[in-house]
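Residues per chain, in single letters:
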Amino acid sequence: MALKIITYPNPLLGKPSLPITEVTDEIRKLAEDMTEAMYKSDGIGIAAPQVGQLVRLVVIDVTGPEKREGKMVLVNPVWTPLPDAGYVESEEGCLSVPDYRSKVRRTARVHVEATDLDGNPISFDADDLLAVCVQHEIDHLDGKLFIDRISRLKRMMFESKLKKGTRQSQVK
C-alpha cells in the first residue's frame with residue numbers, strides 16, 4: 001500500500017514520536033510501505049511521522065534512487081557525536097518540505113544505536129551523507145524539521161514563499 005507523505009505545515013510533523021516497544025508485523029509492514037514511499041519519491045530517508053505515524057521508525061538508503069542497495073531500517077534510533085566529530089554544513093531537502101533546500105549545520109561523524117526489524121540491537125558509526133541523513137531523520141522523530149535549524153531570516157523567507165504559493169494555488 002502506497003503511503004502518502006505529509007507535508008509542512010501539517011501539525012503531526014511537529015510532534016515527538018513514541019518508542020516502539022515491540023517489533024510486530026504491523027511495524028514491519030509500515031517499514032516496507034515507508035520504503036516504497038521513499039523510493040517512489042526519490043528520497044534517501046524517511047521517518048514514520050512523515051507518513052502520519054508517530055512511532056520511532058526510520059528507513060534510510062543513501063545509495064540513492066539509482067542504486068537502491070543500502071537500505072537500513074532503524075527502530076528507536078539514537079545518535080551521539082563521535083569524539084572530535086566536528087561539524088559539516090551541507091544542503092538539505094526533505095520529502096515533507098517539497099521544493100525547498102537550505103544549508104544546515106550538523107555533526108560530521110556520529111555513532112548510531114538502534115534495533116533492526118528482528119528485534120536485534122545494531123550499532124554503527126556514520127560520516128558524510130549517512131551521518132547527515134541519520135540526524136535529519138531522527139530529528140523527524142523528535143518533531144523537528146530541517147527548516148527548524150536554519151537562520152531566522154531564511155525561515156522567514158521560506159514561510160513567505162510558502163504563503164505566497166498557497167495564495168496562488170487558491171486563486172487558480
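Data block above holds the structure.
All chains use their own residue numbering, which begins from 1 and follows the written sequence. Given that the model is predicted, a residue must reach a pLDDT of at least 70 before its local features are reported, and side-chain atom pairs must reach 80 or more before they are shown or counted; all residues, however, enter totals for whole chains, interfaces and linings. Remark: hydrogens and water are excluded; side-chain values derive from all non-hydrogen atoms of the structure.

It is worth spelling out the overall build of the chain at this point. Only runs of H or I of at least four residues qualify as helices and only runs of E of at least two qualify as strands under DSSP, and these elements are numbered from the N terminus. Across its full length, the chain carries four helices and seven strands. Its helices and strands in sequence order give the chain the pattern α-β-β-α-β-β-β-β-β-α-α, from N to C terminus. To get the radius of gyration, use the C-alpha atoms; to get the globule rule, take the number of residues to the power 0.38 and multiply by 2.2 Å. Relative to the 2.2 N^0.38 estimate, which gives 16 Å for 172 residues, the radius of gyration of the chain is 16 Å and therefore close to what a compact globule would have. Based on the C-alpha atoms only, the size of the chain along its principal axes is roughly 50 × 40 × 30 Å. Excluding contacts between residues fewer than 6 apart, the proportion of contacts in the chain whose partners are at least 24 apart in sequence is 63%. Using a 1.4 Å probe, accessible areas were evaluated by the Shrake-Rupley method; residue-level cover was limited to the displayed protein chains. Only carbon and sulfur atoms are counted for the fraction: they give 52% of the accessible area of the chain, which is about 9,700 Å². Asp and Glu count as negative and Lys and Arg as positive, but His and the ends of the chain are not part of the count. Each charge is placed at NZ for Lys, CZ for Arg, CG for Asp and CD for Glu. For the chain, the distance from the average site of its 24 positive side-chain charges to the average site of its 26 negative ones is 11 Å. Throughout, a residue-residue contact means that at least one pair of heavy atoms, one from each residue, lies within 4.5 Å.

Residue position: His-140 is located in helix α3 (residues 128-141). Each residue is assigned to one of three classes by its accessible area relative to the maximum for its type, calculated with a 1.4 Å probe on protein chains only: buried under 20%, partly exposed between the two thresholds, exposed over 50%. Classification of His-140 as buried rests on a relative accessible area of 1%. Dropping the residues within four chain positions of it, His-140 is found in contact with Lys-15, Ser-17, Ala-47, Pro-49, Gln-50, Cys-94 and Leu-145.

Here the focus is the packing of aromatic side chains. Any two of the Phe, Tyr and Trp rings considered here, Trp counted by its six-membered ring, make a pair once their centres fall within 6.5 Å; the pair's planes then place it as stacked at under 30 degrees, edge-to-face at over 60, or tilted in between. If you walk through the whole model with that rule in mind, you get three aromatic pairs. Taken together, a centroid distance of 6.2 Å and an interplanar angle of 25° make the contact between Tyr-100 and Phe-146 stacked. Taken together, the residues Tyr-100 in strand β5 (residues 97-107) and Phe-146 in the loop between α3 and α4 (152-171) connect sequence positions 46 residues apart. Both residues of the pair, Tyr-100 and Phe-146, belong to the buried class. With 4.7 Å between their ring centres and 50° between their planes, Tyr-100 and Phe-158 make a pair best called tilted. In this pair, Tyr-100 is assigned in strand β5 and Phe-158 in helix α4, connecting sequence segments 58 residues apart. Neither residue differs from the other here; Tyr-100 and Phe-158 are each classed as buried. Put simply, the rings of Tyr-8, Tyr-100, Phe-146 and Phe-158 touch in pairs and so form one group of aromatic residues. Look at NZ for Lys and CZ for Arg. If either is within 6 Å of the ring centre and within 35 degrees of the ring normal, a charge sits over the ring. Above the face of the Tyr-87 ring, Arg-105 is positioned so that its terminal group lies 3.9 Å from the ring centre.

With that out of the way, let us pick up the environment of Asp-127. When you line up the elements, Asp-127 lands in strand β7 (residues 121-127). Here Asp-127 falls in the partly exposed class, since its relative accessible area comes to 39%. Linking Asp-127 and Gln-53, residues 74 residues apart in sequence, is a C-alpha distance of 28 Å. Setting aside anything within four residues of it in sequence, one finds Asp-127 in contact with Ala-108 and Arg-109.

Taken together, the side chains of Leu-153, Met-156 and Met-157 make up a nonpolar region of the molecular surface, amounting to roughly 350 Å² of accessible area. Mapped onto the fold, Met-156 is located in helix α4. Taking the relative accessible area as the measure of exposure, Met-156 reaches 52% and is therefore exposed. What goes into a patch is any residue over 30% in relative accessible area without a salt bridge, connected to like charges within 9 Å or, for nonpolar side chains (Val, Leu, Ile, Met, Phe, Trp, Tyr), within 5 Å. Definition used for salt bridges: Asp or Glu carboxyl oxygen within 4 Å of a side-chain nitrogen of Lys or Arg.

Interpretation in functional terms is not warranted from these geometric data alone.
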